[in-house]
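Notes for the structure review
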Amino acid sequence: MLLHNDLVQGSDDWLTFRKGFDKTSSTAPAAKGVGYDNCRDATQLARQCLGFETNEFSPFVQKIMQQGQDLEPVVRKMVEEQLNTSFQPNVATNGDYLRSSDGFDLDLTVDLEIKVPQKATSKRMKAAVANDIIEMDKVQMDHALLVTEFDKCIYAVYAADTKDLVIQEYYRDEKRIKELVEAWNRFDELLANPSDLITEAVIPDDLINKIEPLLQAKDMMDEGKKVYDALRKELFAELPPNKTWVTENKLFAVSPVSPSKPAIDYKALVEANKDKLSGVDFEMFRKSPGKITQRINDNRR
């Protein structure tokens, strides 16, 4: 680990220095596929790093982020008082990994990660109260421990509305560190093949003549569906669903359909059994994304 004590987080020098590093604590969740909506996964992160896509926060989100940053010194002081330990914000690098920390202890053995959600009802704060940590914050601290080579992070979550503070300890997990390194290696592979990340190209001239008849067929299909749906609704309204209705030649029928068996609400199931699932690695059960499919985007209207 190399410390950069001359860099003040938020300064122009820090911003310039940070631009030289793609692998940071804030981008680590995207590398593992658990990032925010503006940068969800490694592919989107790579596209943004290569300039194929912008990463912009709305003014509302920017305001919330600024409010959180403004409260960080207050929360750090509260943590120091509770733990009787001093923390100093710092910037560290380890190879091409960067960590802009909310604080290292004076012995350089413990990192501090502060989160300031606006409401106590936020997913982050509710997890902290339940002695849990949301996955993206775990990944951020995995990256912090990867850079610093420390064994422990202090995780502090402060609800801005209620002023409640929850402090937890998060320890280095070599399995998770290895998974993160592998994710960063996959990210490097994406950067090394930028042509694979280009998602828009002009349709070849020899296919242009197929587009107009395709759109005409689509219009006919859309209009046909409107007529079909209207007649279907009218027919169903006149024929009660207590029996099967058929034409004399039996070439057409309107049949009753029994309600399908209600699906299991797995999200509610997990929420109701969080205490039993606290040790489960949900990443092991993530479904395959499947094959890439295509759709027609009709932008004429």
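See the structure printed just above.
Residues numbered from 1 in each chain as written. Predicted model: local features only at pLDDT ≥ 70, side-chain atom pairs only at ≥ 80, totals over all residues. Heavy atoms only, no water.

Describing the state of the cysteines
The condition that has to hold: The criterion for a disulfide is a pair of cysteine sulfur atoms lying within 2.5 Å.
If you walk through the whole model with that rule in mind, you get 0 disulfides. A disulfide-free cysteine, C49 has its sulfur positioned 7.3 Å from the sulfur of C39, the nearest such atom.

As for helix α6 (residues 135–148)
Definition in use: Here a helix means four or more residues in a row that DSSP labels H or I, a strand means two or more in a row labelled E, and each is numbered from the N terminus. To estimate how far a helix should reach, multiply one less than its number of residues by 1.5 Å. In this scheme, a residue with accessible area under 20% of its type's maximum is buried, one over 50% is exposed, and one in between is partly exposed, where area comes from a 1.4 Å probe on protein chains only.
In a regular helix each residue adds 1.5 Å, so 14 residues correspond to 20 Å; α6 covers 20 Å between its end C-alpha atoms and thus fits that length. Of all 14 residues in α6, 13 are buried; the element is thus mostly enclosed. Downstream of α6 by a residue or two, E149 has a phi angle that is positive, lying close to 65 degrees.

Points about the pattern of salt bridges
The condition is simple: By convention in these notes, a salt bridge is any Lys or Arg side-chain nitrogen within 4 Å of a carboxyl oxygen on Asp or Glu.
Applying the stated criterion across every chain, the model contains 20 salt bridges. A salt bridge links R99 to D111, with the shortest nitrogen-to-oxygen separation between them at 2.9 Å. Residue R99 is found in strand β3 (residues 97–105), and its partner D111 is found in strand β4 (residues 110–115); the two are separated by 12 residues along the sequence. Each of R99, D111, E113, K115, R124 and D137 takes part in one network of salt bridges that share partners.

A look at the packing of aromatic side chains
Here is the rule we go by: Aromatic rings from Phe, Tyr and Trp, with only the six-membered ring used for Trp, were paired whenever their centres fell within 6.5 Å, and each pair was classed as stacked if the ring planes differed by under 30 degrees, edge-to-face if by over 60, and tilted otherwise.
One pass over the full model with this rule turns up 3 aromatic pairs. Here the aromatic rings of F17 and F21 are separated by 5.1 Å at their centres, their planes lie at 45 degrees, and the arrangement is tilted. Judged by its relative accessible area of 18%, F21 is buried. Seen from their ring centres, F104 and F150 are 5.3 Å apart, and the 75 degrees between their planes marks the pair as edge-to-face. Residue F104 is found in strand β3, and its partner F150 is found in the loop between α6 and β5 (152–158); the two are separated by 46 residues along the sequence. Judged by its relative accessible area of 1%, F104 is buried. Classification of F150 by relative accessible area gives buried; the value is 6%.

Some points on the packing of helix α3 (residues 42–49) against helix α7 (residues 174–192)
Just so we agree on the cut-off: Lines fitted to C-alpha atoms define the axes, with helix axes restricted to the stretch in contact, and inter-axis angles between N-to-C directions lie between 0 and 180 degrees. Here the word oblique covers every angle except those under 35 degrees (roughly parallel), over 145 (roughly antiparallel) and from 65 to 115 (roughly perpendicular). Here a crossing is called left-handed whenever its near helix is offset anticlockwise from the far helix by less than a right angle, and right-handed whenever the offset is clockwise. Residue contacts are counted whenever heavy atoms from the two residues lie within 4.5 Å of one another. Note on residue categories: nonpolar means Ala, Val, Leu, Ile, Met, Phe, Trp, Tyr, Cys or Pro, charged means Asp, Glu, Lys or Arg, and polar means any other residue, Gly included.
At a minimum axis distance of 9 Å, the contact between α3 and α7 shows a crossing angle of 45 degrees. Considering the angle they form, α3 stands oblique to α7. The interaxial crossing formed by α3 with α7 has right-handed handedness. On α7, the residues touching A42, T43, L45, A46 and C49 of α3 are W184, F187, L190 and L191. Taken together, the residues that form the contact of α3 with α7 break down as 8 nonpolar, 1 polar and no charged.

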